[in-house]
Amino acid sequence: MTSTSSPPDPGLHALFDSFSEFGATAGGGVHRLCGSAADGQARDLFAQVVRDLDGTVRTDAVGNQFGLLALAGRSDAPLVMLGSHLDSQPQGGRFDGTLGVASALRVGAALVRAKAAGTAYAADLCVVNWTNEEGARFRPSLLGSGTYAGHHRAEAALAIRDDDGVTLAEALAAIGQRGTDPAPALPACYLELHVEQGTVLEAAGATIGIVARNWGATKIEAAFIGAQAHTGPCPMDLRRDALLAAAYAIAEIRAIADRWPGRVHTSVGRIRVDPNSANVVPARVALSVEIRSADDSVLGEAGALADAALRAAAERARTGLSIRDRVERPIRPLPEDVCDLVALAAEETGHRAIRMDTVAGHDALSLLGACPTGLVFVPSVGGIAHNEAETTSPADMQAGLAVLLRAADRLCRAGGEPARAIRGDAR
Ligand SMILES: [Zn+2]
């Protein structure tokens, strides 16, 4: 390739639109939970596209799909890995995850063409679709990439149940995606393109976000244990109402964010009420609590306040409290040389880039620390995300693809090493 900007790729939009049909909602979004029939259709298309490029698909035990494209012409070539996820939130957006996977597949097509035209590559390309990034049906999120990176055991991940008691293993088997292939070894570099899901790029008037650091997160799975009773005759002073405890906790956890305006984000995004009947004082309420911040000491303090808020809510409503799970995602920088490579790719393709934080978790963060890892953002119109109205403009989709392609081309020529890719050294 030359140093002029890449021509637009109409194939990206066609492929993206094809993925968007699987689990399409009336409101213009997608409802494509991990392991659903719609997820199966999206996975089948992923595999078909890889095979059409003469690639091979490996599906590992937790359903991660790896599309391997031989570019280097030798069996021990290092890997450059690009990807994201095809599962969505309930009534979610079309772009979240899917833009990264579709773009990675189009990069694969371009590099296969370049190889056929005589370009010498020193690394192979692997396009990946990670299982259950969203954590919507199976908790925690980032499950497939986290298993690949060694943060979870595959057997433990497969045994996780959704709210209907279906395990991940059963859900994957039902769509023919419980694989037996070995996952490829860790890549020489992993790059992920994703929509920003915030408003930083729009506000800055930039097209490309180079993620230089991630916010930390504390995620708590808690349950209040009350006593089931009749909502009519049971005297008020005898009630041990688990939903009331949750209500006290939810309001207090919101108030924690107000102590550090703009620096702490808190939420309770999910509650499950049992038995959830109009005439029954709830016996048990499970809730998912999140606290996020870019400041370690603030995150620690806010997390302690959330713990205290849960305990105080249980005491006030006279219920028990059980903490089922607590996940801490540390605040970390992304590798400087990968950020520099993305900055160079943006410059070469004529797109204005800024360095920024990611507040949301992404599969790239699972791999951070395991191999050189980069995360690239394109703007989300109005910052709308996890919503059917989520949109990224066609021009920004093309910009993201062009930057990903340029970075991947440099990496594959250089055997996957980011510093070498910046210098333009062939392997
Ligand atoms: Zn995502």
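Preceding this section is the structure that the text describes.
In this text, all values refer to a predicted model and were calculated from it rather than measured experimentally. (Residues numbered from 1 in each chain as written. Predicted model: local features only at pLDDT ≥ 70, side-chain atom pairs only at ≥ 80, totals over all residues.)

Caption draft 1: Main features of the overall build of the protein. Summing up its helical and strand segments, the protein has 13 helices and 15 strands in all. The C-alpha atoms of the protein give a radius of gyration of 23 Å, which matches the 22 Å a tight globule of 427 residues would have. Among the 427 residues that make up the protein, the fraction classed as buried is 52%. Counting only contacts in the protein whose residues sit at least 6 apart along the sequence, the fraction spanning at least 24 positions is 77%. (Helix = DSSP H or I, 4+ residues; strand = E, 2+ residues; numbered from the N terminus. Rg over C-alpha atoms; globule rule 2.2 N^0.38 Å. Buried ≥ 20, exposed ≤ 12 C-beta atoms within 10 Å, placed from the backbone. Contact = placed C-beta atoms within 7 Å.)

Caption draft 2: Spotlight on the sheet that holds strand β11 (residues 284-293). The sheet built from four strands is open, its strands ordered β9-β11-β7-β12 with antiparallel pairing. Bordering the open sheet on either side are β9 (264-274) and β12 (320-329), each of which pairs with just one other strand. The sheet shows a mean angle of 15° between the axes of neighbouring strands, taken without regard to direction. Sheet analysis places strand β7 (residues 216-225) next to β12, joined by nine bridges and oriented antiparallel. Each residue of the ladder has a partner; that of T218, found in β12, is E328. Across the face of the sheet, helix α8 (residues 242-258) comes into contact with β7, β9 and β11 while running at roughly 170° to β9. On the sheet, helix α9 (residues 296-317) packs against β7, β9, β11 and β12 and is oriented at approximately 160° with respect to β11. (Pairing = 2+ DSSP bridges. Axes fitted to C-alpha atoms, helices over the stretch in contact; angles between N-to-C directions.)

Caption draft 3: Structural context of helix α10 (residues 336-348). When the terminal C-alpha atoms of α10 are compared, their 18 Å separation across 13 residues agrees well with the 18 Å that a helix rising 1.5 Å per residue should span. For α10, the full list of buried residues reads V338, C339, L341, V342, A345 and A346. An end-on view of α10 places all buried positions within 160° of arc, on one side of the element. Contact partners of the buried residues in α10: β5 (189-195), β6 (208-214), β14 (353-358), β15 (373-378), α12 (394-413) and α13 (418-423). Two residues or fewer past α10, G350 is found with a positive phi of approximately 75°. (Expected span 1.5 Å × (residues − 1). Arc of directions from axis to C-beta.)

Caption draft 4: Structural detail: the nonpolar core. With 94 residues, the main nonpolar core has V80, A123, L404 and A408 as its most contacted residues. Among the elements that line this core, the one with the most residues is α12, at eleven residues. Those residues in contact with V80, other than ones at most four positions away along the chain, are A123, L125, P187, A188, C189, A408, L411, C412 and G416. If you look at the next biggest cluster of nonpolar residues, it comprises 27 residues, including W215, I220, V264 and L287. (Core = buried A, V, L, I, M, F, W, Y, C linked by C-beta atoms within 7 Å.)

In short, geometric facts, not functional conclusions.
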